[in-house]
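Listed here are the chains, written in short residue letters.
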Amino acid sequence: MAITGIRDVLDGASGGWSLDGGRRFVARVYVDSDDRRDGPQAAITSLGLNVGDTYRYPLTGTPTETNARLFLNSIDVEEQAAVSNGKKRFTLAVVFSPIDPNKDPGGPMGEDGYRDPFAAPPTLRAYGDPEEEAVMHDKDGTPILNTAGDPYDPGLSRPKSLLIFEIGRVEREFDYSRITDIKDHLNDAAWMGFPARSVMCLDIQPERVWSSDANGWTWPTVYKFAYREDLTVDDGGDDVVLYPGWTAKVLNQGLRQKVSGERKQIFIDNAPVSAPVLLKDDGTVAAPTDDPVYKYYDYLPEADFSVLDFPSDLFSAGTPEIP
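Within each chain, residues carry numbers counting from 1 in the order of the written sequence. Totals for whole chains, interfaces and linings use every residue, but because this is a predicted model, local features are given only for residues with pLDDT of at least 70 and side-chain atom pairs only at 80 or more, for both listing and counting. Just so you know, side-chain values use all the structure's heavy atoms and leave hydrogens and water out.

Below, the discussion takes up the overall build of the protein chain. Only runs of H or I of at least four residues qualify as helices and only runs of E of at least two qualify as strands under DSSP, and these elements are numbered from the N terminus. Of regular secondary structure, the protein chain possesses two helices and 23 strands. C-alpha atoms define the radius of gyration, and 2.2 Å times the number of residues to the power 0.38 defines the globule rule. For the protein chain, the C-alpha radius of gyration of 34 Å lies well beyond 20 Å, the compact-globule estimate for 323 residues. Each principal axis of the C-alpha atoms in the protein chain carries an extent, and together these give about 120 × 45 × 25 Å. Exposure classes here rest on a 1.4 Å probe applied to the protein chains alone. A residue is buried below 20% of its type maximum, exposed above 50%, and partly exposed in between. Within the protein chain, buried positions represent 32% of all 323 residues. We call two residues in contact when some of their heavy atoms are within 4.5 Å. The contacts in the protein chain between residues at least 6 apart in sequence include a share of 61% that link residues at least 24 apart. Carbon together with sulfur atoms contributes 49% to the accessible area of the protein chain, which is approximately 20,100 Å² in total. For the purpose of charge, His is not counted, nor are the chain termini; Lys and Arg are scored as positive and Asp and Glu as negative. In plain terms, the charge of a residue is placed at NZ if it is Lys, CZ if Arg, CG if Asp and CD if Glu. Of note, the protein chain has its 32 positive side-chain charges centred 5 Å away from the centre of its 53 negative side-chain charges. With residues, only the protein chains shown are counted as cover, and all accessible areas are computed by Shrake-Rupley using a 1.4 Å probe.

What follows is the structure, given as structure tokens:
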């Protein structure tokens, strides 16, 4: 005792087109059963349709029209009055529209009609965060010094936008050690197309939220990163590092110098200096004709960002132009 027949309602199709919703087609079928205990679920299951199926008409037999850009979006069931000999009939309206269930921002719909929030693609938001940056060279890489060969005090600065990007996704659980292991760290290797030590994890913000789709607790989590690249200029010899990304660049200067392995107070005109003076790379006082020496320090810790397991096309995915 079960479903005995499925037949297209060839005179019952409908549909339309609108500016806000695009095309929407409705195909109708009769489903007959010889068991009055059969319900809507049995009728829907008998069609053999799954979420993600594309439009065809008629639904049974050889289709006379199809559209790969219209997807199964809903099935409405209406039970008709009982027919003779204890049989019953359902009328099913099968709706197709441009909404792709596999691209839903809340998560794709499975063949059984249940949404999977954990399979939703991550969100990505990027913006520039202004900050002030010390200027030690001009645009051609020439050190910015006064006519006596000393740096200006106070020094120059320039506005610069720090590239910030925020990634959000829904996770099944959250390990709080991820915050201490990755936050305030740099990527230890090339990651998502960015060079090693160019991206800092600024923050990780998890939130526990109940999901009816998952029938359980979910963890929507936002990851916040900042990107800095080394900016260099070719001066014909060794490239001058104008702005070294996350590496600290410090002018080599001080009140003392190194003489015979010992630190000695610097004197000018028999008086100790009251402001830092330029030093050579060996720690002795620089002459007015010597170029400034800069020291570089990698002081930020590194972490393996690959454990975050973001999709490889997160920063490159787009929609190509149709020729």
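Moving on from the coordinates now.
To form a nonpolar core, buried Ala, Val, Leu, Ile, Met, Phe, Trp, Tyr and Cys residues must be joined to one another through side-chain atoms within 4.5 Å. Among the nonpolar cores identified, the biggest contains 19 residues, and Phe165, Trp191, Val199, Phe225, Phe305 and Phe310 are the most heavily contacted of them. Breaking this core down by element, the ones donating at least two residues are strand 8 (156-171), strand 10 (199-206) and strand 12 (216-227). For this core, the leading source of residues is strand 12, giving four residues. Those residues in contact with phenylalanine 225, other than ones at most four positions away along the chain, are Leu163, Ile164, Phe165, Ile167, Trp191, Val199, Met200, Cys201, Leu202, Phe305, Leu308 and Phe310. Counting residues in hydrophobic clusters, the runner-up holds 16 residues, among them Ala27, Val31, Leu49 and Leu92.

Turning to the side chain of serine 211, a few remarks are in order. Within the secondary structure, serine 211 is located in strand 11 (residues 209-211). Among the residues examined, serine 211 registers a relative accessible area of 11% and is labelled buried. N or O atoms closer than or at 3.5 Å make up a polar contact, with two conditions inside protein: a donor-capable atom paired with an acceptor-capable one, and, for residues adjacent in sequence, both atoms drawn from side chains. Within the structure, the side chain of serine 211 is placed 3.3 Å from the backbone nitrogen of aspartate 213, a separation counted as a polar contact. Polar side-chain contacts of serine 211 include one of 3.2 Å to the backbone nitrogen of alanine 214. Not counting chain neighbours up to four residues away, the residues in contact with serine 211 comprise Pro117, Gly216 and Thr218.

One number per residue, pLDDT, summarises how confident the predictor is, and it ranges from 0 to 100. The share of residues in the protein chain with pLDDT of 70 or more is 96%, and the mean pLDDT across the chain is 88. No element of the protein chain has a lower mean pLDDT than strand 14 (residues 240-244), which averages 74, and none a higher one than strand 10, which averages 97.

The subject of this paragraph is a nonpolar patch on the surface. Each patch groups residues whose relative accessible area exceeds 30% and which form no salt bridge, using 9 Å between like charges and 5 Å between nonpolar side chains of Val, Leu, Ile, Met, Phe, Trp and Tyr. Take a side-chain nitrogen of Lys or Arg and a carboxyl oxygen of Asp or Glu: if they are within 4 Å of each other, that pair is a salt bridge. A grouping of Val250, Tyr297 and Tyr299 is seen on the molecular surface, where their side chains present a nonpolar patch of about 330 Å² in accessible area. One can find tyrosine 299 in the loop between strand 22 (294-297) and strand 23 (302-303). According to the relative accessible area criterion, tyrosine 299 is exposed, its value standing at 54%.

For Phe, Tyr and Trp, rings pair up if their centres lie within 6.5 Å, where Trp contributes its six-membered ring, and each pair is then called stacked (planes under 30 degrees apart), edge-to-face (over 60) or tilted (otherwise). This structure, assessed with the given rule, holds 16 aromatic pairs. Pairing phenylalanine 165 with phenylalanine 315 gives two aromatic rings, centres 4.9 Å apart and planes at 85°, and the pair type is edge-to-face. Linking phenylalanine 165 in strand 8 with phenylalanine 315 in the segment after strand 23, this pair joins segments that are 150 residues apart in sequence. Centroid distance tyrosine 223 to phenylalanine 310: 5.5 Å. Interplanar angle 85°. Geometry classified as edge-to-face. Of this pair, tyrosine 223 sits in strand 12 while phenylalanine 310 sits in the segment after strand 23, placing them 87 residues apart in sequence. Neither tyrosine 223 nor phenylalanine 310 differs from the other in exposure class; each is buried. Among the aromatic residues, those joined into a ring-pair cluster are Phe165, Trp191, Phe194, Tyr223, Phe225, Tyr227, Phe305, Phe310 and Phe315. Cation placement over rings: the criterion is NZ of Lys or CZ of Arg within 6 Å of the ring centroid and within 35° of the ring normal. Above the plane of the ring of tryptophan 217 lies arginine 208, whose end atom (NZ or CZ) is 3.8 Å from the centre. Across the ring face of tryptophan 246, the terminal group of arginine 228 is positioned such that the distance to the ring centre comes to 4.2 Å.

Here we come to unusual backbone geometry. That bond from tyrosine 57 to proline 58 is cis: its omega, -5°, falls within 30 degrees of zero. Examined against the element boundaries, proline 58 turns out to sit in the loop between strand 4 (54-57) and strand 5 (65-79). Note that the residue after aspartate 153, namely proline 154, is joined by a cis bond; omega there is 5°. For proline 154, the position within the fold is in the loop between strand 7 (123-135) and strand 8. A positive phi angle, close to 55°, is found at asparagine 215, a residue other than glycine. Summarising the element assignment, asparagine 215 is placed in the loop between strand 11 and strand 12. Under the relative-accessibility criterion, asparagine 215 is labelled exposed at 61%.

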